[in-house]
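Given next are the chains, with one letter for each unit.
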Amino acid sequence: MDLKHLNLTLRTAFCLLVVFSINASGQLCTTETNSPVFKENNTIGQVVAEITVQDGVTMNIITNPEEAFGLNGTNLVAVKVLDYETLDNNILLVEIQCTRPGETSPLLRIIVTVEDINDNPPVFAQSHYQLEVPELSPIGTSVEKIEATDLDKFPLNYTLHSPMGEFRLQSYLNPLILVNKNLDYDTTPEVTLMLYVEDSPPPVHTASATITVTITDINNRPPWFQPCTETLIGISKICLNTGYQGTVNLTEQATEALTLEPGPVHAIDGDKGRNDPINYRLLSGNEDGIFSIDPNSGDITMLKAVDVAGPIVLTVMAYEQLTPDMFATTTVTLQVVIKSLHPPKFVKSSYEGFISEDADVGSMVLESKNSNKPLQVLATDDDFADGKNPSIAYEVVGSNDFRITTEGFILIVRSLAPGTADLQMRVADTTNGEFSTASLSVEVTPGVPTTTMDMPTTAKDTITSPEITEMATVTPVTTETVTELTKTSFDPVTMTSSSGNTNSLQTDGLPGPGGDFGSEDMAALGATLAVVLLICLVIIGVLVYRVKRNSSDWKKLSEASIFRSTLNGGSAGPKDGVQYINDGFQGDEDKGSLNSKEAAELPLPQGPGLKRSVPEELEKQSSAPVPLGLSSSDTSSPPEDSSSLSPSDTTDSEKEVKPILTKERRMEDGYKAVWFKQDIDPSVKEEVVIIPDSGEMDVGQEDDDDDDDEEEEEEEGVTGMNRFARRSGSDSEDEETMTSDL
């Protein structure tokens with residue numbers, strides 16, 4: 001609440017107190033309320049208060065502020081339109097005198113409070129504001145406070161529209177503009193804002209103002225050598241220059257500023273909005289005092305001739321004249337060359353060529369309309385004895401429709417419309433920049449095909465181009481010509497047609513190198529061969545798997561066959577080098593026993609029980625009942641028969657193992673024996689089985705742990721053979737001991 005409203009409130013309270021004290025006594029006229037509230041912008045004649053009077057009483061207005069009120073009968077009415085904003089005081093005191101003949105009452109005082117309504121819009125002092133903000137100002141920096149005024153004195157609400165959110169308001173009730181993001185002069189030199197305001201309560205009125213904020217450039221960047229590539233790193237921007245290149249002649253002083261590429265040494269202020277003056281100086285590379293640089297322009301001149309081999313690298317610094325600590329450096333590389341006496345020149349001053357409008361991009365310009373021979377421009381250099389300068393380069397000046405290869409062939413770069421193109425060609429020596437020019441006229445003919453051409457077959461018509469060499473697969477040409485073309489080509493030129501295929505010349509309509517077969521046919525053939533190869537590999541893999549899986553069965557069959565041949569004696573008799581002799585029993589009375597040699601010479605039984613195959617017989621005998629008195633461990637671990645091993649297995653052993661039947665246990669190294677703990681009565685027909693010694697069992701168990709799968713299969717085969725031998729001995733009713741080579 002402001003001071004004005006406080007004073008009015010106090011005065012109103014005082015007047016009401018006075019009125020109540022006066023009206024407390026007897027009155028000829030009274031009113032229901034002595035402090036009515038009356039809104040501004042009223043209508044004339046609108047009743048302010050109703051007065052109750054006694055009979056015969058007359059009323060007169062004694063005090064009438066602003067002459068705004070009048071009496072209409074017993075009503076106090078407004079006789080003018082009241083405006084709250086124009087009143088000095090919105091509390092108006094009206095005094096009325098009530099009289100009756102012979103009687104006068106005290107004054108009737110009525111305090112009228114004029115109420116303010118929202119009838120005025122807010123207004124800005126200006127419709128357009130101009131502000132400035134330095135770039136890179138911190139976020140939250142205060143810019144300006146722009147307020148609107150409203151005669152109604154009601155609160156105002158503000159809204160700021162910023163295109164990219166560069167600025168914001170402190171609050172909707174406080175129109176202080178703040179920086180909301182990083183500002184860069186180069187990207188955003190100016191921002192236009194719209195500030196809106198509205199009042200309350202209803203009816204709501206609005207107003208707006210335009211604010212233009214200029215971002216000022218600060219001195220935060222060094223000079224930039226031109227040309228350069230601008231790069232943004234975070235919020236900082238840099239400009240990279242690759243340096244300058246030029247040439248100087250050995251032992252010759254240039255009288256003018258050196259010509260450099262891509263242009264003269266020149267730098268600008270990195271702060272483009274400031275554009276401070278730039279100065280130049282040489283930092284290094286000029287120790288001999290050969291060069292000088294203009295501090296204002298940057299032009300480099302020579303003070304004396306160069307007498308050393310190049311290249312010479314100069315370091316140039318550019319700095320701001322007002323703030324030298326803002327600087328940048330670059331390099332100027334000068335190649336020292338020997339001055340040429342003659343520039344390269346075209347053989348002819350003008351050339352004329354022809355090309356069809358329907359020729360594909362990359363096609364060659366031809367010499368004439370009636371020939372398929374490509375046009376070749378040549379240049380010579382008199383500084384060379386043979387006139388051939390290997391460092392020359394051709395170019396078409398001012399046209400992007402043609403280009404010239406290193407060999408001098410002219411290719412089209414884009415499709416052309418019929419007509420004549422008058423061009424200028426330039427040939428330059430890349431070592432010293434000397435050049436000469438010649439004119440070129442190319443006529444684009446309508447509908448003349450240029451897809452085929454005849455190869456020259458003489459040395460005179462030979463064209464030194466790898467494109468023509470490739471055409472040897474299309475047009476007949478002698479071997480000597482192809483060889484010469486290959487040898488004389490310096491720079492391969494590749495022409496790409498519009499379809500994306502790389503060819504040396506247009507060969508549409510000509511048969512391919514493979515006859516009638518195209519690339520699609522060859523691809524299909526390759527895919528078919530790949531499928532066949534894959535099927536073959538799968539079949540081979542299956543066969544290998546089956547062979548691997550069945551190898552153990554084949555090995556068992558082989559061992560069984562060897563064992564059977566041993567029993568029959570075979571064609572070669574017993575194994576060489578293995579003696580089946582039991583020297584410990586040579587003097588005994590046991591005549592019924594057979595040594596291993598005799599057992600081997602006995603014929604095998606031919607009963608029906610032996611007509612089965614060897615694997616089936618082994619399977620049957622392995623299932624035979626175990627004799628009484630033998631444990632499962634005894635039957636499952638018979639000694640191994642080394643004679644059943646394959647030859648490869650016997651040769652792998654380091655020492656020869658000889659089986660011996662003996663009554664005495666022998667412990668010599670390299671031997672194993674089957675020995676008996678007690679004598680055997682020959683008259684008792686008992687089956688003799690071999691029970692391994694406990695020590696041998698332990699050794700055997702350790703050996704079994706180390707054997708692989710293949711040795712286990714061999715052991716199973718040997719066990720079956722031993723069982724078969726025991727059965728044969730029992731049928732012959734002789735107690736016989738079978739020896740095994742362990």
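A brief report on the enclosed structure follows. As the structure is a computational prediction, the values presented were derived from the model and not from experiment.

Quick notes on the rules
Residues numbered from 1 in each chain as written. Predicted model: local features only at pLDDT ≥ 70, side-chain atom pairs only at ≥ 80, totals over all residues. Heavy atoms only, no water. Disulfide = S-S within 2.5 Å. Helix = DSSP H or I, 4+ residues; strand = E, 2+ residues; numbered from the N terminus. Buried < 20%, exposed > 50% of the residue type's maximum accessible area, 1.4 Å probe, protein only. Pairing = 2+ DSSP bridges. Axes fitted to C-alpha atoms, helices over the stretch in contact; angles between N-to-C directions. Salt bridge = Lys/Arg side-chain N within 4 Å of Asp/Glu carboxyl O. Patch = residues over 30% accessible without salt bridge, like charges linked within 9 Å, V, L, I, M, F, W, Y side chains within 5 Å. Areas by Shrake-Rupley, 256 points an atom, 1.4 Å probe, with all protein chains shown as cover. Contact = heavy atoms within 4.5 Å.

1. Brief notes about the state of the cysteines
As enumerated under the stated definition, the model contains 2 disulfides in all. Two residues, Cys29 and Cys98, share a disulfide whose sulfurs are 1.5 Å apart. Between Cys29 and Cys98 the sulfur-sulfur dihedral comes to about 90 degrees; the bridge is accordingly right-handed. Of the two residues, Cys29 is situated in strand β1 (residues 29-31) and Cys98 in strand β7 (residues 91-100); the sequence distance between them amounts to 69 residues. What makes Cys29 buried here is its relative accessible area of 0%. By relative accessible area, which is 0% here, Cys98 ends up buried. Paired by a disulfide, Cys228 and Cys239 hold their sulfur atoms 1.7 Å apart. Every disulfide takes its handedness from the sign of the S-S torsion; for Cys228 and Cys239 that torsion is 90 degrees, giving right-handed. In this pair, Cys228 sits in the loop between β19 (223-225) and β20 (229-233) while Cys239 sits in strand β21 (residues 236-240), placing the two residues 11 residues apart along the sequence. Here Cys239 falls in the buried class, since its relative accessible area comes to 14%. Regarding the disulfides, the protein chain carries the connectivity 1-2, 3-4 under sequence-order numbering of its bonded cysteines.

2. Some points on the sheet that holds strand β15 (residues 167-169)
If you trace the 3 strands from one edge of the open sheet to the other, you get β12-β16-β15, paired in antiparallel fashion. Every other strand in the sheet has two partners, leaving β12 (142-145) and β15 as the edge strands with one partner each. Neighbour to neighbour, the strand axes of the sheet diverge by 25 degrees on average, direction disregarded. Where β15 meets strand β16 (residues 176-179), 3 bridges bridge the pair, whose relative direction is antiparallel. What sits directly across from Phe167, in β16, is Val179.

3. Quick word on unusual backbone geometry
In this model, Pro202 is joined to Pro203 through a cis peptide bond whose omega is 0 degrees. Mapped onto the elements, Pro203 comes out in the loop between β17 (190-198) and β18 (206-216). Between Glu261 and Pro262 the backbone carries a cis peptide bond, its omega angle lying at 10 degrees. Among the structural elements, Pro262 can be located in the loop between β22 (244-249) and β23 (267-269). At Glu67, a position not held by glycine, the phi torsion is positive, near 50 degrees. For Glu67, the location among the structural elements is in the loop between β4 (58-63) and β5 (69-72). Phi angles above zero are rare outside glycine, and Leu136 is one such case at about 60 degrees. Along the chain, the position of Leu136 falls in the loop between β11 (128-134) and β12.

4. Quick look at the pattern of salt bridges
The tally for this structure, following the rule as stated, stands at 10 salt bridges. For the salt bridge of Arg221 with Asp186, the shortest nitrogen-to-oxygen distance reads 2.2 Å. Of this pair, Arg221 sits in the loop between β18 and β19 while Asp186 sits in the loop between β16 and β17, placing them 35 residues apart in sequence. Residue Arg274 is joined to Asp276 by a salt bridge in which the shortest nitrogen-to-oxygen separation is 3.4 Å. The exposure class assigned to Arg274 is partly exposed, which follows from its relative accessible area of 37%. One salt-bridge network, in which partners are shared between bridges, spans Asp184, Asp186 and Arg221.

5. Examining the sheet that holds strand β36 (residues 435-445)
Reading across from one edge, β30-β36-β35-β32 is the order of the 4 strands in this open sheet, with mixed pairing throughout. Strand pairing shows two members of the sheet lacking a second neighbour, β30 (350-356) and β32 (392-397), which therefore form its edges. On average, each strand axis in the sheet is inclined to that of its neighbour by 30 degrees, with strand direction left out of account. Pairing of β32 with strand β35 (residues 419-429), which is carried by 6 bridges, proceeds in the antiparallel orientation. Among the inter-strand pairings, Glu395 is bridged to a residue of β35, identified as Arg426.

6. Quick word on a nonpolar patch on the surface
A contiguous nonpolar surface patch, about 370 Å² in accessible area, is contributed by Val531, Ile535, Ile539 and Leu543. Position of Leu543 relative to the elements: it lies in helix α4 (residues 519-568).

7. A short note on the side chain of Lys237
Along the chain, Lys237 turns up in strand β21. Assessed through its relative accessible area of 16%, Lys237 is described here as buried. Non-local contacts of Lys237, meaning those with residues more than four positions away in its chain, are made with Asp184, Asp186, Thr187, Arg221, Trp224, Glu230, Thr231 and Leu232.

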